[in-house]
Amino acid sequence: MISTDTKHFLCRIEDGIATVSLDRPERKNPLTFDSYAEMRDWFRDLHYDDDVKAVAFAPNGGNFSSGGDVHDIIGPLTKMSMKELLAFTRMTGDLVKAMVNCGKPIIAALDGVCVGAGAIIAMASDIRIATPETKTAFLFTRVGLAGCDMGACAILPRIIGQGRAAELLYTGRSMSAEEGAAWGFHNKVVAADELLAEAQSWATRIAAGPNFGHMMTKTMLAQEWSMSIEQAIEAEAQAQAICMQTADFERAYQAFVKKEKPLFQGD
Ligand SMILES: CC(C)(COP(=O)(O)OP(=O)(O)OC[C@H]1O[C@@H](n2cnc3c(N)ncnc32)[C@H](O)[C@@H]1OP(=O)(O)O)[C@@H](O)C(=O)NCCC(=O)NCCSC(=O)/C=C1/CC=CC=CO1
């Protein structure tokens, strides 16, 4: 196992899975200016890291994240110029872009508090596993802001539908794990003591697949929403043709012929 902890979050890499978590459990893991930027840079770099095939984004101390740090961020924001404010809001949006553009599937393990920017990180992940105690709230309106933060109005309706997204983003109310599962936000709900193993098991299963193909799937999942069906079919034709030139595609064929299970290597 390799430990690549950063200044603001914990990171362990084992068998191609990076398990990361925010590291301020005593405050339920809020994000500071620096931790947003560090995480954005980490996801940007991860796209090019061949040692990591998938990410498990874990809670710490029973909570996922309490969102933007009220003392480090919310206070100072009230005194900033428009130029400084825009630099901040663009930087936070860049974290979501980095997650979406990173070609590695991200499995979020959500427990306890998952609010504000924490809910956004959950939303920007590919798969979400929760516990019965998980409470997810896009509570931006509760701090006097618009619900449309970091791409929420584009991404959340795709996951749970426009009406439900509107409800959560206008009211800032908490979505329970049960509701999240019924609405398609949570892929699965498990007991808290099973959560991390469950998320890592999803990550391991996905990492054992054709990683180049996964990168294409992730890219297409993100990009095809703004395409016509014709454009989407053409984009997938091109993506799949490229995948047909990979060694993993050849391996799958050879394994089928030999009646074996393919061992994908991501090339
Ligand atoms: C609902 C809560 C998250 C949790 O409530 P509860 O379980 O009762 O726990 P508490 O006792 O309130 O909290 C434990 C201690 O942690 C401190 N704390 C909690 N949240 C934060 C935070 N976000 N920043 C800093 N510190 C936090 C809390 O003060 C306690 O410490 P003490 O014991 O020393 O007092 C509840 O805590 C809560 O509502 N927290 C605030 C949530 C919030 O408003 N988050 C920010 C939303 S906005 C955002 O996420 C992002 C942006 C980015 C983009 C643009 C603009 C703004 O913000």
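Every value quoted in this text rests on a predicted model; they were computed, and no experiment measured them. (Residues numbered from 1 in each chain as written. Predicted model: local features only at pLDDT ≥ 70, side-chain atom pairs only at ≥ 80, totals over all residues. Heavy atoms only, no water.)

Colleague: Account for the site of the ligand, naming residues and giving values.
Modeller: Looking at the ligand, there are 21 residues lining it, with Lys28, Ser66, Gly68, Val70 and Ala117 nearest. Contact between the ligand and Lys28: an oxygen atom at 2.7 Å from a side-chain N or O atom of the residue. The backbone of Ala117 places a nitrogen or oxygen atom 2.8 Å from an oxygen atom of the ligand. With the chains in place, 64% of the 1,000 Å² that the ligand exposes on its own is no longer accessible. Sorting the residues of the shell around the ligand by element identifies strand E6 (67-68) and helix H2 (70-77) as the ones contributing at least two each. Broken down by element, the shell around the ligand gets its largest block of residues, three residues, from H2. Each residue belonging to the shell around the ligand can be placed in one class, and the counts come to eleven nonpolar, five polar and five charged. (Near = heavy atom within 4 Å. Polar contact = N/O pair within 3.5 Å; in protein donor to acceptor, adjacent residues only side chain to side chain. Areas by Shrake-Rupley, 256 points an atom, 1.4 Å probe, with all protein chains shown as cover. Helix = DSSP H or I, 4+ residues; strand = E, 2+ residues; numbered from the N terminus. Nonpolar A, V, L, I, M, F, W, Y, C, P; charged D, E, K, R; others polar.)

Colleague: Explain the sheet that holds strand E11 (residues 174-175) residue by residue, including any values.
Modeller: If you walk across this open sheet you meet the three strands as E8-E10-E11, and the pairing is mixed. Across the chains shown, the open sheet's two edge strands, defined by having one partner strand only, are strand E8 (113-115) and E11. Bridging between strand E10 (residues 135-137) and E11 involves two bridges; their strand directions are antiparallel. Each bridged residue has a counterpart across the sheet, and for Ala137 the counterpart in E11 is Ser174. (Pairing = 2+ DSSP bridges.)

Colleague: Tell me about the pairing of strand E9 (residues 127-130), and name the residues and values.
Modeller: Side chains Ile127 and Ile129 of E9 all project onto a buried face; the interleaved residues Arg128 and Ala130 project onto the opposite face, where all are buried too. Relative to strand E12 (residues 188-189), E9 is paired through two bridges, and the arrangement is parallel. Bridge assignment links Ala130 to a residue of E12, and that residue is Val189. (Buried < 20%, exposed > 50% of the residue type's maximum accessible area, 1.4 Å probe, protein only.)

Colleague: Report on the packing of aromatic side chains, specifying residues and quantitative values.
Modeller: Taken as a whole and assessed by the stated rule, the structure comprises seven aromatic pairs. With centroids separated by 5.1 Å and ring planes inclined at 70 degrees, the aromatic side chains of Phe33 and Phe88 adopt a geometry described as edge-to-face. Separated by 55 residues along the polypeptide, Phe33 in helix H1 (residues 33-46) and Phe88 in helix H3 (residues 82-101) bring together distant segments of the chain. Taken together, the aromatic side chains of Phe9, Trp42, Phe43, Phe57 and Phe64 make up a single cluster linked through ring pairs. If you follow Arg205 out to its NZ or CZ, it ends over the ring of Trp202, 5.3 Å from the centre. (Phe/Tyr/Trp six-rings, centres within 6.5 Å; stacked < 30°, edge-to-face > 60°. Lys NZ or Arg CZ within 6 Å of the ring centre and 35° of its normal.)

Colleague: Quick rundown of the environment of Val20? Include the residues and the values.
Modeller: Turning to its location among the elements, Val20 is positioned in strand E3 (residues 17-22). Distance from Val20 to Val55, taken between C-alpha atoms, is 7.4 Å for residues 35 residues apart in sequence.

Colleague: Which residues make up the environment of Val96, and what are the values?
Modeller: Residue placement: Val96 occurs in helix H3. Given the relative accessible area of 5%, Val96 is considered buried. Taking C-alpha positions, Val96 is 9.0 Å from Ser125, a pair spaced 29 residues apart along the chain. Contact partners of Val96, with chain neighbours within four places excluded, come to Ile120, Ala124, Met150 and Ile155. (Contact = heavy atoms within 4.5 Å.)

Colleague: Report on helix H10 (residues 229-243), specifying residues and quantitative values.
Modeller: End to end, H10 covers 21 Å across 15 residues, agreeing with the expected 21 Å (1.5 Å per residue, within 8%). By the burial criterion, the buried members of H10 are Ala232, Ala235, Ala239 and Cys243. Along the axis of H10, the buried residues cluster in a sector spanning 80 degrees; they form a single face. Opposite the buried face of H10, by more than 90 degrees, sit the exposed residues Glu230 and Ile233. Summarising the contacts, the buried residues of H10 are in contact with helix H9 (211-223) and helix H11 (247-257). (Expected span 1.5 Å × (residues − 1). Arc of directions from axis to C-beta.)

Colleague: Go over the sheet that holds E9 with me, naming the residues and quoting the values.
Modeller: An order of E1-E2-E3-E5-E7-E9-E12 is seen for the seven strands of this open sheet, with the pairing classed as mixed. A strand with exactly one partner marks an edge of an open sheet, and here the two such strands are strand E1 (2-3) and E12. As paired strands, strand E7 (residues 106-110) and E9 are joined by four bridges and run parallel to one another. Bridging from a neighbouring strand, Ile107 pairs with Ile127 of E9. Taken strand by strand, H1 contacts strand E2 (9-14), E3, strand E5 (54-57) and E7, and its axis lies near 155 degrees from that of E5. (Axes fitted to C-alpha atoms, helices over the stretch in contact; angles between N-to-C directions.)

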